[in-house]
Amino acid sequence: QKVTVEVLDHLEHLALVDFRDSEGVERLQKAIQFADQLHEVNTDGVEPMDSVLEDRCLYLRDDDVTEGNCTRELMKNAREKIEEYFVAPPGNIPLPKLEERETFLQGS
Amino acid sequence: AALKGGMRFQVSAALREGRVTPTELCQRCLSRIKTTKFLNAYITVAEESALKQAEESEDRYRRGQPLGVLDGIPIAVKDNFNTAGIETTCASNMLKGYISPYNATVVQKLLDQGAVLLGKTNLDEFAMGSGSTDGVFGPVRNPWSYSRQYKERSVLKSHSEDEEANWVITGGSSGGSAAAVSSFTCFAALGSDTGGSTRNPAAHCGVVGLKPTYGLISRHGLIPLVNSMDVPGILTRCVDDAAVVLGSLAGHDPKDSTTVQDNFKSFELPNLIDVSKLSIGIPKEYHAPGLSSEILSLWTKAADLFKNAGAKVMEVSLPHTRYSIVCYHVLCTAEVASNMARFDGLEYGHRSGMNKSTEIMYAATRREGFNDVVRGRILSGNYFLLKQNYENYFIKAQKVRRLIANDFVKVFGSGVDILLTPTTLSDAVPYMEFIKEDNRTRSAQDDILTQAANMAGLPAINVPTALSQRGLPVGLQFIGRSFQEKQLLTVAKWFEKQVKFPVIQLEVKKHSHGVSQHQKSASFS
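Remember, predicted model here, so these are calculated numbers, not experimental data.

Looking at the overall build of chain B
Okay, so step 1: When helices and strands are counted, chain B shows 19 helices and 11 strands.
Okay, so step 2: The C-alpha radius of gyration of chain B comes to 22 Å, within 12% of the 24 Å expected for a compact globule of 525 residues.
Okay, so step 3: The long-range share in chain B, meaning contacts at least 24 apart out of those at least 6 apart in sequence, stands at 78%.
Okay, so step 4: In the structure as shown, chain B presents an accessible area of about 18300 Å², 51% of it carried by carbon and sulfur atoms.
Okay, so step 5: A gap of 2 Å separates the mean positions of the 58 positive and 51 negative side-chain charges of chain B.

Following this line, the structure appears as structure tokens:
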């Protein structure tokens, strides 16, 4: 089963990473094929495992502030900033639709 | 000779007795880094700060107050650990120029013990790969490519020309760290291990590579790949040194909630070891397709060694072994899809100039910052996490993970103390051959023997065993029970003593200053 262009487009939106070319799509196809081997294993009655430490309790600590005040240090690595704000371009504008943006997927 | 010996008994003693000073040691290592530059093991060399640390150490020795065995010992750290004031790139364009504002806990612990941080080592981009060939700073060369042992056994037509074509990979993704230790530029290095990334290059470079139990050592400051499997790895030239480094790193860290709160007691390994009461398991599934006959033979000889020493050696079965790689592939890409989401250009790292909207800026930043391997894994991961695929792929993989972990529980529960397996399928291949296959195929092939230990969170160690017919290192792997590093390292030390792995006879090019001193130390055995 080949992955549809709709799904590929959807993935590009979710991941905010593009396929760049047919090799990228091929790579995904092969990855899926590879993963399909999992279905050979019988997992009836088996619980999914999140962590090897599942038998231990996650511990809590006291709600006391023990560190911080490092705004200046943290801002050093940002490219665009104003005072203590990170500057982002306007949000709530979705990526252009498939037909309207430059992506190799258009040709498929 | 000082550069050659292990930490525990030789260099540390030399420092304490004043036979060599920390600054001399640091200078020698820095100089050696320069003469072995062609290996491309280091991304950043922190010369100034290293010398300063060495001076402070020297001061402590002069006052008779060294902090411990590690005081003044030069070390290197893989470039996916945050190091305050020093660039941390993960060998990616995404983090070029990123100066960490803090030290990873493991780095801080080493510095607190007086270790001298020489620099950051090269890796596959974001630790994704098994060759240390896919980073933006280029591939790392295995120091053994330039050893007399390798050169003697390879059929070379013209010396310099084929040397260029013949050099072999270090394995990965902690190849820079393995090469740094193997070529005597430092005494220990930190790597990371998610699927075998510390043990694989350790095997190819002829050094000890320890993957500790998940939850023993803090991951705070280690840029994450797979949160449920990543561990910091330790690379050294002998097992005793690995125990020393482990002792300084292990233990609960309040900054990493996945570190266990058990009391960890650092230990010294005994000198006289009796393996006759041990039960060694040989998992038959590790006789994987593609395993070279040389390694199979070494594995058998090793089992015999234990048998002859009185240990109980028996074949065991880990039936889900062959699904470990597939399971890893799904869980890893899924976690990567999540972990790489933080790289959006806003707070740190590369930022694209495209700024019509946040989404366009994010997409362009990630397109420009990540290489194909990283982008490929992000896309695959997102695919497996789609609503329609979640149950069939992600949850399915988590179930298979439990089956794999249970295989080990059953075997260790049946009286087996330690498992003995090969670490890699073959010795290191030439770079030109390695790049013929893509990253995912290579990783799937190369991680097959190391990956399951990460699935189950178990401690595992590569011990250099012998040279292959091509004159390259081959290692064997021991896998132990959770949090039983002392037993694991004791067995590893015994084995190391039996096999007496040869010292590399590194031939560094003759145009470097002070070469005779280096060559002497390289071939002094």
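Read on, since the account is not over.
Let's talk about the interface of chain A and chain B
Okay, so step 1: Chain A puts 54 residues into the contact, and the matching count from chain B is 73 residues.
Okay, so step 2: With both sides pooled, the region where chain A packs onto chain B buries about 5700 Å², and carbon together with sulfur makes up 61% of that total.
Okay, so step 3: The largest per-residue losses of area from chain A upon contact with chain B belong to A:Leu38, A:Tyr59 and A:Asn77, which jointly make up 13% of the total buried on that side.
Okay, so step 4: Here B:Arg402 makes a salt bridge to A:Glu54, at a shortest N to O gap of 2.8 Å.
Okay, so step 5: Summed over the shared surface of chain A and chain B, the result is 27 residue pairs in polar contact (both at pLDDT 80 or more).
Okay, so step 6: Listing elements by their share of the side of chain A that touches chain B, those giving two or more residues are helix H1 (5–15), helix H2 (22–35) and helix H3 (71–75) of chain A.

So, the nonpolar core
Residues and elements named next belong to chain B.
Okay, so step 1: Of all hydrophobic cores here, the largest spans 138 residues; its most connected members are Phe126, Phe306, Tyr383, Phe408, Leu420 and Phe478.
Okay, so step 2: When neighbours within four sequence positions are excluded, Phe126 is seen to be in contact with Cys90, Ser92, Met94, Leu95, Ile223, Leu225, Met340, Phe343, Phe370 and Val374.
Okay, so step 3: Listed in part, the 31 residues of the second largest apolar core include Leu15, Ala50, Ala180 and Ala189.

Considering the state of the cysteines
Okay, so step 1: Counted under the stated rule, the structure contains zero disulfides over all chains.
Okay, so step 2: Between B:Cys332, a cysteine without a disulfide, and B:Cys327, which holds the nearest cysteine sulfur, the sulfur-to-sulfur distance is 11 Å.

Remarks on the pattern of salt bridges
Okay, so step 1: Under the definition given, this model contains 25 salt bridges over all chains.
Okay, so step 2: Put simply, A:Glu67 and B:Lys255 hold a salt bridge, and the shortest N to O gap is 3.9 Å. Placement of the pair is A:Glu67 in the loop between H2 and H3 and B:Lys255 in the loop between helix H9 (239–249) and strand S7 (279–283), with the two residues belonging to separate chains.
Okay, so step 3: Taking relative accessible area as the criterion, A:Glu67 reaches 58% and is therefore assigned exposed.
Okay, so step 4: B:Lys277 is the partner of B:Asp274 in a salt bridge, and the nearest nitrogen-oxygen pair spans 3.6 Å.
Okay, so step 5: One continuous salt-bridge network, built from bridges that share partners, spans A:Glu23, A:Arg27, B:Asp372 and B:Arg375.

Some thoughts on the environment of B:Asn80
All names here are of chain B.
Okay, so step 1: Within the fold, Asn80 resides in the loop between strand S2 (74–78) and helix H4 (105–112).
Okay, so step 2: Spatially, the C-alpha atoms of Asn80 and Leu190 are 9.9 Å apart, while their sequence positions differ by 110 residues.
Okay, so step 3: Contact partners of Asn80, with chain neighbours within four places excluded, come to Thr88, Cys90, Leu123, Ala127, Ser192, Gly221, Leu222 and Ile223.

What about the sheet that holds strand S3 (residues 116–121) of chain B?
Residue and element names in this part refer to chain B.
Okay, so step 1: Taken in spatial order, the 11 strands make up an open sheet running S1-S3-S2-S4-S6-S5-S10-S11-S9-S7-S8, and their pairing is mixed. Of all the strands in the sheet, just strand S1 (42–45) and strand S8 (312–316) have a single pairing partner and so form its edges. Between one strand axis and the next, the sheet turns by 30° as a mean value, whatever way the strands run.
Okay, so step 2: Sheet topology places S2 next to S3; five bridges connect them, and they run parallel. Paired with Lys78 across the two strands is Thr121, which belongs to S3.
Okay, so step 3: The strands touched by helix H3 (residues 47–62) are S1 and S3; relative to S3, the strand with the most contacts, the crossing angle is about 155°.

Re the packing of aromatic side chains
The way to describe two aromatic rings as a pair is by their centre distance and the angle between their planes.
All names here are of chain B.
Okay, so step 1: Applying the stated rule across the entire model yields 17 aromatic pairs over all chains.
Okay, so step 2: Seen from their ring centres, Phe38 and Tyr146 are 4.8 Å apart, and the 75° between their planes marks the pair as edge-to-face. Remark: Tyr146 occurs in the loop between S3 and helix H5 (148–153) and Phe38 occurs in the loop between helix H2 (22–35) and S1; sequence separation between them is 108 residues.
Okay, so step 3: When the centroid spacing of 6.1 Å and the interplanar angle of 80° are considered together, the rings of Phe343 and Tyr348 count as edge-to-face.
Okay, so step 4: Given a relative accessible area of 23%, Tyr348 falls into the partly exposed group.
Okay, so step 5: Sitting over the ring of Phe187, Arg237 keeps its end group 5.0 Å from the ring centre.

Some words on the packing of H9(B) against helix H18 (residues 485–499) of chain B
Residue and element names in this part refer to chain B.
Okay, so step 1: Two numbers describe how H9 lies on H18: the axes approach to 9 Å, and their chain directions differ by 160°. Relative to H18, the element H9 is oriented roughly antiparallel. Listed contacts from H18 to Val239, Asp240, Ala243 and Leu246 of H9 are Glu485, Leu489, Ala492, Lys493 and Glu496.
Okay, so step 2: Partitioned by chemical class, the residues of the contact of H9 with H18 number five nonpolar, no polar and four charged.

As for H18(B)
Along an α-helix, residues three or four positions apart point the same way, because every turn accommodates 3.6 residues.
All names here are of chain B.
Okay, so step 1: Its 15 residues place the ends of H18 21 Å apart at the C-alpha level, agreeing with the 21 Å of an ideal helix rising 1.5 Å per residue.
Okay, so step 2: For H18, the set of buried residues is Glu485, Leu488, Leu489, Thr490, Val491, Ala492, Lys493, Trp494, Phe495 and Val499.
Okay, so step 3: Buried residues in H18 make contact with strand S5 (208–211), H9, helix H10 (293–308), strand S9 (418–422), strand S10 (460–467) and strand S11 (473–479).
Okay, so step 4: Phi turns positive, to about 45°, at Lys500, one or two residues after H18.

Overview of the pairing of S11(B)
In summary, the side chains of a regular strand alternate between the two faces of the sheet.
Residue and element names in this part refer to chain B.
Okay, so step 1: For S11, a buried count of seven out of seven residues is recorded, marking the element as mostly surrounded by other parts of the structure.
Okay, so step 2: Of the strand pairs in this sheet, S9 and S11 are connected by four bridges, and their pairing is antiparallel. When the bridges of S11 are listed, Leu420 appears paired with Phe478.
Okay, so step 3: Bridge count for S10 against S11 is seven bridges, and the pairing is antiparallel. Its bridge partner being in S11, Ala466 is matched across the sheet by Val474.
Okay, so step 4: Linkage of S10 to S11, two consecutive antiparallel strands, is achieved through a turn of five residues, within which Gly471 is found at a positive phi near 85°.

Regarding helix H12 (residues 358–369) of chain B
All names here are of chain B.
Okay, so step 1: With 12 residues, H12 ought to run about 16 Å at 1.5 Å a step, and its terminal C-alpha atoms sit 16 Å apart, in line with that.
Okay, so step 2: Of all 12 residues making up H12, nine are buried, and the element is well covered by its neighbours.
Okay, so step 3: For H12, the complete set of buried residues consists of Thr358, Ile360, Met361, Tyr362, Ala363, Ala364, Thr365, Arg366 and Gly369.

What counts and what doesn't
- Residues numbered from 1 in each chain as written.
- Chains lettered and ligands numbered in written order.
- Predicted model: local features only at pLDDT ≥ 70, side-chain atom pairs only at ≥ 80, totals over all residues.
- Heavy atoms only, no water.
- Helix = DSSP H or I, 4+ residues; strand = E, 2+ residues; numbered from the N terminus.
- Rg over C-alpha atoms; globule rule 2.2 N^0.38 Å.
- Contact = heavy atoms within 4.5 Å.
- Areas by Shrake-Rupley, 256 points an atom, 1.4 Å probe, with all protein chains shown as cover.
- Lys, Arg positive; Asp, Glu negative; His and termini not counted.
- Charge placed at Lys NZ, Arg CZ, Asp CG, Glu CD.
- Buried area = accessible area lost by both parts, 1.4 Å probe.
- Salt bridge = Lys/Arg side-chain N within 4 Å of Asp/Glu carboxyl O.
- Polar contact = N/O pair within 3.5 Å; in protein donor to acceptor, adjacent residues only side chain to side chain.
- Core = buried A, V, L, I, M, F, W, Y, C linked by side-chain atoms within 4.5 Å.
- Buried < 20%, exposed > 50% of the residue type's maximum accessible area, 1.4 Å probe, protein only.
- Disulfide = S-S within 2.5 Å.
- Pairing = 2+ DSSP bridges.
- Axes fitted to C-alpha atoms, helices over the stretch in contact; angles between N-to-C directions.
- Phe/Tyr/Trp six-rings, centres within 6.5 Å; stacked < 30°, edge-to-face > 60°.
- Lys NZ or Arg CZ within 6 Å of the ring centre and 35° of its normal.
- Parallel < 35°, antiparallel > 145°, perpendicular 65-115°, else oblique.
- Nonpolar A, V, L, I, M, F, W, Y, C, P; charged D, E, K, R; others polar.
- Expected span 1.5 Å × (residues − 1).

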